[in-house]
Amino acid sequence: MSYQIIADSCGDFTEEMKANPVFKLVPLTLEIASYSILDDEHFDQLDFLKRVKESPVGPKTACPSPEAFQKAIEESDADEVYIVTLSDQLSGTYQAAKIGIDLYTEAHEDSPKKIHLFNSKSASAGECKLCLDIQECKEAGLGFVEVVDIVEKKCNDIVTVFVLESLETLRKNGRLSSVKSFLASALNIKPVMGAVNGTIVKLDQQRGMQKALKKMVQLAVERAGGAEAVKEKRLVITHVNAPERAEQVKEDFLKEGSYKEIVVTNAAGVATIYANDQGIVAAL
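Parameters and conventions
Residues numbered from 1 in each chain as written. Predicted model: local features only at pLDDT ≥ 70, side-chain atom pairs only at ≥ 80, totals over all residues. Heavy atoms only, no water. Pairing = 2+ DSSP bridges. Helix = DSSP H or I, 4+ residues; strand = E, 2+ residues; numbered from the N terminus. Axes fitted to C-alpha atoms, helices over the stretch in contact; angles between N-to-C directions. Salt bridge = Lys/Arg side-chain N within 4 Å of Asp/Glu carboxyl O. Buried < 20%, exposed > 50% of the residue type's maximum accessible area, 1.4 Å probe, protein only. 1 Å grid on protein atoms, 1.4 Å probe; cavity = no way out; pocket = protein on both sides within 12 Å on 5 of 7 lines; lining within 4 Å. Points joined across faces, edges and corners; volume = space filled by probe spheres on them. Nonpolar A, V, L, I, M, F, W, Y, C, P; charged D, E, K, R; others polar. Expected span 1.5 Å × (residues − 1). Contact = heavy atoms within 4.5 Å.

Further remarks concern the sheet that holds strand β8 (residues 160-163). Spatially, the six strands line up as an open sheet ordered β10-β9-β8-β13-β11-β12, and their pairing is mixed. What marks the edges here is a single partner per strand, and that holds for β10 (199-207) and β12 (261-266). The mean angle between the axes of side-by-side strands here comes to 20 degrees, regardless of whether they run parallel or antiparallel. Summarising the sheet, strand β11 (residues 234-239) and strand β13 (residues 280-283) pair through four bridges and their orientation is antiparallel. Directly across from T238, in β13, lies its bridge partner V281.

Here it is in structure tokens:
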């Protein structure tokens, strides 16, 4: 294998990516009170959502250890290793991967492997998109330095937006007051959120999910440079147990423009925790 793409488990790989040995996941740990599991191929989304709903304590995540990334690099027989992680503003995963690379380098001083770590400045759909961008570059025959230059620019330019069906997880985690959560629920207000330099911000809000999703789509295309600019972009839509909603969002995006490719994927554990049941994340 000439190259390997490693991502943390917020990468939300498609089924095709999971089956492709080019892609490898390093799992975070998911926690609900005393219950703890790895966010790997054994993750059961419906069971986990049930546990989240029933628990008075909010779910949490723990980043992988540096040794987990070191092991992933050591197990790869690729000449080039590209690592993509959650935004360093959202998780310690980027720092863990950075230390993991240092551990590998110290233990294998004569290794010819070329390794680069990307701070996605995103999550979920954004990470998935960047992994596919790397694959596209390598399939086009680009060298290591060219891939790094192109994908680093994509990390800086990425547009990530999302809408949550419920704010309950944020309330349980203490990131939203009970009063705000109650008012948002009572008035059916759905915030449209996005990432700016890897930090989560509120972009807008609408009354009702459908209005919020349509606004999310409009803002995503605008922030990506408009209908002409998105023709050259890959669009990734991640849903949490909401395939029909994801397809509707895809149709809404198509009304705003055309895209190089549209990928729809179901969330793994990390995105399931933070986007919650029926949540939608999109990245361009």
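Ordered in space as β4-β3-β5, the three strands form an open sheet in which the pairing is antiparallel. Strands with a single pairing partner mark the edges of an open sheet, and in this sheet they are β4 (35-38) and β5 (60-62). Strand after strand, the sheet turns through a mean of 25 degrees between neighbouring axes, direction not considered. As paired strands, strand β3 (residues 29-32) and β5 are joined by three bridges and run antiparallel to one another. Residue pairing in the sheet places T29 in a bridge with A62 of β5.

Looking now at the pattern of salt bridges. Scanning all chains against the criterion turns up 18 salt bridges. The closest approach of N and O atoms between D133 and R234, which form a salt bridge, is 2.5 Å. One end of the pair, D133, is in helix α5 (residues 125-139); the other, R234, is in strand β11, and 101 residues separate them in sequence. A relative accessible area of 7% places R234 in the buried class. In this structure, the salt-bridge partner of K190 is E165, at a minimum N-O distance of 3.5 Å. Here E165 lies in the loop between β8 and α7 (168-172) and K190 lies in strand β9 (residues 189-196), a separation of 25 residues in the sequence. In this structure K190 comes out as buried when scored by relative accessible area, which is 9%. Under the relative-accessibility criterion, E165 is labelled partly exposed at 28%.

Moving on: the layout of surface pockets. Taken as a whole, the second largest pocket encloses approximately 620 Å³ of empty space. Lining the second largest pocket are 26 residues, and of these K18, L25, D39, D40 and E41 sit closest to its centre. Those elements that provide at least two residues to the lining of the second largest pocket are α1 (15-19), β2 (23-26), α3 (66-75) and β12. Of the residues belonging to the lining of the second largest pocket, the class tally is eleven nonpolar, six polar and nine charged.

Attention now goes to helix α4 (residues 93-107). One full turn of an α-helix is made of 3.6 residues, so residues set three or four places apart face in the same direction. Compared with an ideal rise of 1.5 Å per residue, which puts 15 residues at 21 Å, α4 spans 21 Å between its outermost C-alpha atoms and is within 8% of the ideal. The inward-facing, buried residues of α4 contact β1 (3-8), α3, β6 (80-85) and β7 (114-119).

The quantities given are spatial measurements derived from coordinates; they are silent on function.
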